[in-house]
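In case you want the letters, here they are:
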Amino acid sequence: MPIVVAVLLGALSGIVGFLPLFAGLRMTRKTVSSGLVGSMMVLFLALIVSFIILVMAAVFCIAFDRALGLPFVAAEVIALSAAAIAYGMSTVARK
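Now for a look at the structure at hand. (Residues numbered from 1 in each chain as written. Predicted model: local features only at pLDDT ≥ 70, side-chain atom pairs only at ≥ 80, totals over all residues. Heavy atoms only, no water.)

### Things to note about the environment of Gly88
Stage number 1. With respect to the helices and strands, Gly88 occurs in helix α3 (residues 69-94).
Stage number 2. Owing to a relative accessible area of 27%, Gly88 belongs among the partly exposed residues under this scheme.
Stage number 3. Taking the C-alpha atoms as reference points, Gly88 and Met40, 48 residues apart in sequence, are found 18 Å from one another. (Helix = DSSP H or I, 4+ residues; strand = E, 2+ residues; numbered from the N terminus. Buried < 20%, exposed > 50% of the residue type's maximum accessible area, 1.4 Å probe, protein only.)

Set out below in structure tokens:
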């Protein structure tokens, strides 16, 4: 039962970790006037925030119970990858 909870929380953390990237991608579409450097800075900041969310969630899980760290991080990575792939596919499908 604790592993199921760790996997569910890891998946939730992975999806939440994608939200800053999603927001950064949306913001780059609106910052055309600031040029390439402005767009890249927005994406870089979104990447840093996403990384902080993912790493801190993994650290808290491992601090809580070390045995649940691997299932949590695996679910986190899979959920983040799935969210990114789903976003990319939906963007391509719209065009």
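### Here's the deal with the packing of aromatic side chains
Stage number 1. Across all of its chains, the model carries three aromatic pairs by this definition.
Stage number 2. Ring centres of Phe18 and Tyr87 lie 6.0 Å apart, and the angle between their planes is 55°; this geometry places the pair in the tilted category. Here Phe18 is found in helix α1 (residues 2-30), whereas its partner Tyr87 is found in helix α3, with 69 residues between them in sequence. The pair formed by Phe18 and Tyr87 is uniform in burial state, with each residue classed as buried.
Stage number 3. Relative to Tyr87, the ring of Phe22 has its centre 5.4 Å away and its plane inclined at 90°; by these criteria the two rings are edge-to-face. Within this pair, whereas Phe22 is found in helix α1, its partner Tyr87 is found in helix α3, the two being separated by 65 residues in sequence.
Stage number 4. Judged by its relative accessible area of 13%, Tyr87 is buried.
Stage number 5. Among the aromatic residues, those joined into a cluster by ring pairs are Phe18, Phe22 and Tyr87. (Phe/Tyr/Trp six-rings, centres within 6.5 Å; stacked < 30°, edge-to-face > 60°.)

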